[in-house]
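Here is what each chain is made of, one letter per residue.
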Amino acid sequence: MSAPTFKDLSALIDAMTTSVATDTAQSMLTAAQWELLVPYLQPITLAASEVLFAEGALDRNLYMVEYGSLSVHYQDAKERIRLALVGPGSIVGEGAFFAHRPRRATVQAAAASRLWCLTAMRFSELANRQPVLGLALVTMAGQVLARRAGDSRRRVAST
């Protein structure tokens, strides 16, 4: 598989700049910053009902949703399933990305989906080489985390 190009990110960029969902990542990145980000991202395609990651997983990957729909769920202390849906233009994985803790929920594709993955290792490399871009990404993910934490119905979506 060849390395992704700026053109490969066009649908993701569009989703992140046009989505009106309350927890959208609302990209503030310039075209030049997206161009710099390309080599740090890996595309991931999920079939409907495929699990992206399970509650308790220890990875710190951050995912940007290009298209599709992801179900976020877990069982609380009373054995109830809580659900949230995350769509195009948003991110998942921001909780573990910041907290260095196990995943708080399971994320599964509710429909065929395409995401872009930024691993913690690649983010560290990016932040060292492109600190302004690293700060912009952290700010974007932090905004999503803050919106989700402020909305009790969406709080579970912080993964």
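Look up a bit, the structure's there.
The shown structure was predicted, so the numbers you read here are calculated from the model rather than taken from an experiment.

### What to know about the nonpolar core
In this structure, Leu9, Trp34, Leu37, Met64 and Leu137 are the most contacted members of the largest nonpolar core, which totals 24 residues. When residues of this core are traced back to their parent elements, those giving at least two are α1 (10-18), α2 (31-37), β3 (62-75), β6 (106-118), α4 (120-129) and α5 (131-150). In terms of residues, this core owes the most to one element, α5, which gives six residues. In this structure, tryptophan 34 is in contact with Phe6, Leu9, Leu12, Ile13, Met16, Ser27, Leu29 and Met64, ignoring residues within four places of it in sequence.

### Considerations on the packing of aromatic side chains
Evaluated as defined, the whole model comprises three aromatic pairs. Aromatic pair phenylalanine 97 and phenylalanine 98: ring centres 5.4 Å apart, planes at 75 degrees, arrangement edge-to-face. Under the relative-accessibility criterion, phenylalanine 97 is labelled buried at 4%. With a centroid separation of 5.1 Å and 75 degrees between ring planes, the pair formed by phenylalanine 97 and phenylalanine 123 is classed as edge-to-face. With phenylalanine 97 in helix α3 (residues 94-99) and phenylalanine 123 in helix α4, this pair connects stretches of sequence that are 26 residues apart. For the residue pair phenylalanine 97 and phenylalanine 123, the accessibility class agrees, reading buried in each case.

### Focus on α5
Spanning 20 residues, α5 covers 28 Å between terminal C-alpha atoms, matching the ideal 28 Å at 1.5 Å per step. For α5, the set of buried residues is Leu133, Gly134, Ala136, Leu137, Met140, Ala141, Val144 and Arg148.

### Observations regarding the pattern of salt bridges
One pass over the full model with this rule turns up five salt bridges. Note that arginine 103 and aspartate 59 form a salt bridge whose closest N and O atoms lie 2.4 Å from each other. Within this pair, whereas arginine 103 is found in the loop between α3 and β6, its partner aspartate 59 is found in the loop between β2 (51-53) and β3, the two being separated by 44 residues in sequence. We classify arginine 103 as buried; its relative accessible area is 2%.

### Some points on the packing of α4 against α5
At their nearest, the axes of α4 and α5 sit 5 Å apart, and the two run at 130 degrees to each other. Of the possible angle classes, the one that applies to α4 and α5 is oblique. Residue-level inspection shows Phe123, Leu126, Ala127, Asn128 and Arg129 of α4 in contact with α5, the latter providing Pro131, Leu133, Gly134, Leu137 and Val138. Here the contact of α4 with α5 is built from residues that sort into seven nonpolar, two polar and one charged.

Rules used in this analysis
- The numbers attached to residues start from 1 for each chain and follow its sequence in the written order.
- Thresholds applied to this predicted model are a pLDDT of at least 70 for local features of residues and 80 or more for the giving and counting of side-chain atom pairs; totals over whole chains, interfaces and linings are not thresholded and use all residues.
- Note: side-chain values were computed over all heavy atoms of the structure, leaving out hydrogens and water.
- To form a nonpolar core, buried Ala, Val, Leu, Ile, Met, Phe, Trp, Tyr and Cys residues must be joined to one another through side-chain atoms within 4.5 Å.
- Think of it in three bands: residues with accessible area under 20% of the maximum for their type are buried, residues over 50% are exposed, and the middle band is partly exposed, with areas taken using a 1.4 Å probe on protein chains only.
- Helix and strand definitions here come from DSSP, where helices need a minimum of 4 consecutive H or I residues and strands a minimum of 2 consecutive E residues; each element is numbered from the N-terminal end.
- What makes two residues a contact is simply this: any of their non-hydrogen atoms within 4.5 Å.
- Two aromatic rings from Phe, Tyr or Trp, using only the six-membered ring of Trp, form a pair when their centres are within 6.5 Å; if the ring planes differ by under 30 degrees the pair is stacked, by over 60 it is edge-to-face, and anything between is tilted.
- Helix span, expected: 1.5 Å multiplied by one less than the number of residues in the helix.
- Put simply, a salt bridge is a Lys or Arg side-chain nitrogen that is within 4 Å of an Asp or Glu carboxyl oxygen.
- Structural elements are reduced to axes, namely lines fitted to C-alpha atoms, with helices fitted over the stretch in contact, and the angle between N-to-C directions of any two is expressed from 0 to 180 degrees.
- What sets the label is the angle itself: under 35 degrees gives roughly parallel, over 145 gives roughly antiparallel, 65 to 115 gives roughly perpendicular, and the rest give oblique.
- Throughout, the ten residues Ala, Val, Leu, Ile, Met, Phe, Trp, Tyr, Cys and Pro are labelled nonpolar, Asp, Glu, Lys and Arg are labelled charged, and all others, Gly among them, are labelled polar.

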